Amino acid sequence: MKKLIFKTQVKVLTWDELSDEQRQLLTIAKEQTKCSYCPYSQFHVGAAVLLQNGEIVRGCNQENAAYPSGLCAERSALFAAGASYPEQPVLRLAIACYTGGHFTEEPQAPCGACRQVMLETEHRYGQKMEVLLYGEKEIYVFESAADLLPLVFVSENLEG
Ligand code: THU
């Protein structure tokens, strides 16, 4: 039997250890939790993406009484960026979660569907996208979305 082992790495930093640019994007992601529409889960997720041209595009989760019709914060930001700036690579994505009256102590892992869209974004532009996950205690910094999803399905898979 053969076994494949996938390793991934994430930097764990404090707020003070981040760069000014990283702090700026996380601050916007935190602000965005206030725009979240989440009457069903009360779990407010904010996201912000930095594009190569310097534009920052915002997103947040949008729920719906027909639950699957809602959308996560990460995808709302990435799709909005793709809709307004289709030629601009996404350099960085920041995510923050707020529930029970405070931001989460620990960084929260993005769902599988959002990871899949993050990977498509990297492949689409041929460029790594840094992912920042905010926690009150510490922040996770992934150099590439691929570190969040090591075995990925992308366009090449369709070619067999
Ligand atoms: N949510 C996100 O916005 N991003 C994720 O990666 C995970 C979950 C949202 C969806 C839903 O509105 C709420 O969090 C609870 O699942």
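Definitions and cut-offs
Residues numbered from 1 in each chain as written. Predicted model: local features only at pLDDT ≥ 70, side-chain atom pairs only at ≥ 80, totals over all residues. Heavy atoms only, no water. 1 Å grid on protein atoms, 1.4 Å probe; cavity = no way out; pocket = protein on both sides within 12 Å on 5 of 7 lines; lining within 4 Å. Points joined across faces, edges and corners; volume = space filled by probe spheres on them. Nonpolar A, V, L, I, M, F, W, Y, C, P; charged D, E, K, R; others polar. Helix = DSSP H or I, 4+ residues; strand = E, 2+ residues; numbered from the N terminus. Buried < 20%, exposed > 50% of the residue type's maximum accessible area, 1.4 Å probe, protein only. Polar contact = N/O pair within 3.5 Å; in protein donor to acceptor, adjacent residues only side chain to side chain. Axes fitted to C-alpha atoms, helices over the stretch in contact; angles between N-to-C directions. Parallel < 35°, antiparallel > 145°, perpendicular 65-115°, else oblique. Left-handed = near helix turned anticlockwise from the far one by under 90°. Contact = heavy atoms within 4.5 Å. Near = heavy atom within 4 Å. Areas by Shrake-Rupley, 256 points an atom, 1.4 Å probe, with all protein chains shown as cover.

(A) Inspection of the layout of surface pockets at higher detail. Looking at the largest pocket, its volume works out to about 160 Å³. Residues belonging to the lining of the largest pocket are distributed by class as follows: seven nonpolar, five polar and two charged.

(B) The environment of Asp20, seen in detail. You can see Asp20 is positioned in helix 1 (residues 20-32). Relative accessible area serves as the criterion here: at 56%, Asp20 is assigned to the exposed category. C-alpha of Asp20 to C-alpha of His102: the two residues are 82 residues apart in sequence and 23 Å apart in space. There is a polar contact of 2.8 Å between the side chain of Asp20 and the side chain of Arg23.

(C) Highlighting the packing of helix 2 (residues 73-84) against helix 3 (residues 112-125). For the pair helix 2 and helix 3, the least separation of the axes is 9 Å and the interaxial angle reads 30 degrees. Between helix 2 and helix 3, the interaxial angle falls into the category roughly parallel. Here the hand of the crossing between helix 2 and helix 3 comes out left-handed. On helix 3, the residues touching Glu74, Arg75, Leu78, Phe79 and Gly82 of helix 2 are Ala113, Cys114, Val117, Met118, Thr121 and Arg124. Looking at side-chain class alone, the contact of helix 2 with helix 3 contains six nonpolar, two polar and three charged residues.

(D) Broad picture of the site of the ligand. Every residue close to the ligand is listed here: Ser41, Phe43, Val45, Asn61, Glu63, Cys72, Ala73, Glu74, Pro110 and Cys111. Between the ligand and Glu63 there is a distance of 2.5 Å, counted from an oxygen atom to a side-chain nitrogen or oxygen. Between an oxygen atom of the ligand and a main-chain N or O atom of Ala73, the distance comes to 2.9 Å. Compared with its free state, where it exposes 370 Å², the ligand has 74% of that area covered by protein. Of the residues assigned to the shell around the ligand, the class counts are six nonpolar, two polar and two charged.

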